[in-house]
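# Chains, contacts and geometry: an overview
If you want the building blocks of each chain, they are given just below.
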Amino acid sequence: EIGSGLVGSEMCIRDRHLTGEISALINELKAEGRTMIVVTHEMEFARSVADEILFLHEGKAEESGSAAEAFGAPKSALFKAFIDGGKINKGGSG
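Read on for a plain summary of the structure. Keep in mind that what you see is a predicted model, and the values were worked out from it rather than measured. (Residues numbered from 1 in each chain as written. Predicted model: local features only at pLDDT ≥ 70, side-chain atom pairs only at ≥ 80, totals over all residues. Heavy atoms only, no water.)

## A closer look at the packing of aromatic side chains
Spelled out, the test is: Each pair of aromatic rings taken from Phe, Tyr and Trp, with Trp reduced to its six-membered ring, is defined by centres within 6.5 Å and is described as stacked if the planes are under 30 degrees apart, edge-to-face if over 60, and tilted in the remaining cases. Labels follow the DSSP assignment, with helices taken as runs of H or I lasting at least four residues and strands as runs of E lasting at least two, numbered in each case from the N terminus. Note on exposure labels: buried denotes an accessible area under 20% of the residue type's maximum, exposed denotes more than 50%, and partly exposed covers the range between, all computed with a 1.4 Å probe on protein chains only.
Inspection of every chain in the model, using the stated rule, returns 3 aromatic pairs. Ring geometry for F55 against F79: centres 5.0 Å apart, planes inclined by 55°, an arrangement best described as tilted. Of this pair, F55 sits in strand β3 (residues 52-57) while F79 sits in helix α5 (residues 77-83); the two residues are 24 residues apart in sequence, bridging distant segments of the chain. There is no split in this pair, since F55 and F79 are both buried.

The structure is reproduced here in structure tokens:
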């Protein structure tokens, strides 16, 4: 039995119809005590499944910690811009 896994959310991007089903499946697996790493650019999807987050920009950790804290009160200006739907330019925000 597999206790952990890595999940990419490419299917959610391609078929938004599946997003709710995938979120439900991930949450079921979490309830079973499984650990997963989910890689995504879809912040609403991440918000719906994450307990902890790690936001990377140009290979550096810009935001990490509890998903509730990060989405509720981001410490990183880059992460805030990203979740607010803004574009992040190379070398900075905006």
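Moving on from the model shown.
## Regarding the pairing of strand β4 (residues 60-66)
The test is simple: Pairing between two strands is assigned when DSSP locates at least 2 bridges connecting them.
Pairing of β3 with β4, which is carried by 6 bridges, proceeds in the antiparallel orientation. Opposite I53, over in β4, you have G65 as the bridge partner. Where β3 folds back onto β4 in an antiparallel hairpin, the turn is made up of 2 residues, including E58, whose phi is positive at roughly 50°.

## What to know about the nonpolar core
The line we're drawing: Joining through side-chain atoms within 4.5 Å is the link that ties buried Ala, Val, Leu, Ile, Met, Phe, Trp, Tyr and Cys residues into a set, and such a set is a nonpolar core. We call two residues contacting when some pair of their heavy atoms lies within 4.5 Å.
If you look at the biggest cluster of nonpolar residues, it comprises 10 residues: M43, A46, I53, F55, A67, A70, F71, L78, F79 and I83. For this core, the elements supplying multiple residues, two or more each, are α3 (43-49), β3, α4 (67-72) and α5. Beyond its immediate chain neighbours, meaning those up to four positions away, A67 contacts A50, D51, E52, I53 and G72.

## Brief notes about helix α2 (residues 19-31)
Rules: Multiply 1.5 Å by the residue count of a helix minus one, and that product is the helix's expected span. Of all possible arcs, the one meant is that of the directions from the helix axis to the C-beta atoms.
In a regular helix each residue adds 1.5 Å, so 13 residues correspond to 18 Å; α2 covers 18 Å between its end C-alpha atoms and thus fits that length. All of the buried residues along α2 are T19, S23 and I26. Angularly, the buried residues of α2 cover 65° about the axis, an arc narrow enough to put them on a single face. Phi turns positive, to about 90°, at G33, one or two residues after α2.

Function cannot be read off these values alone, since they describe shape.
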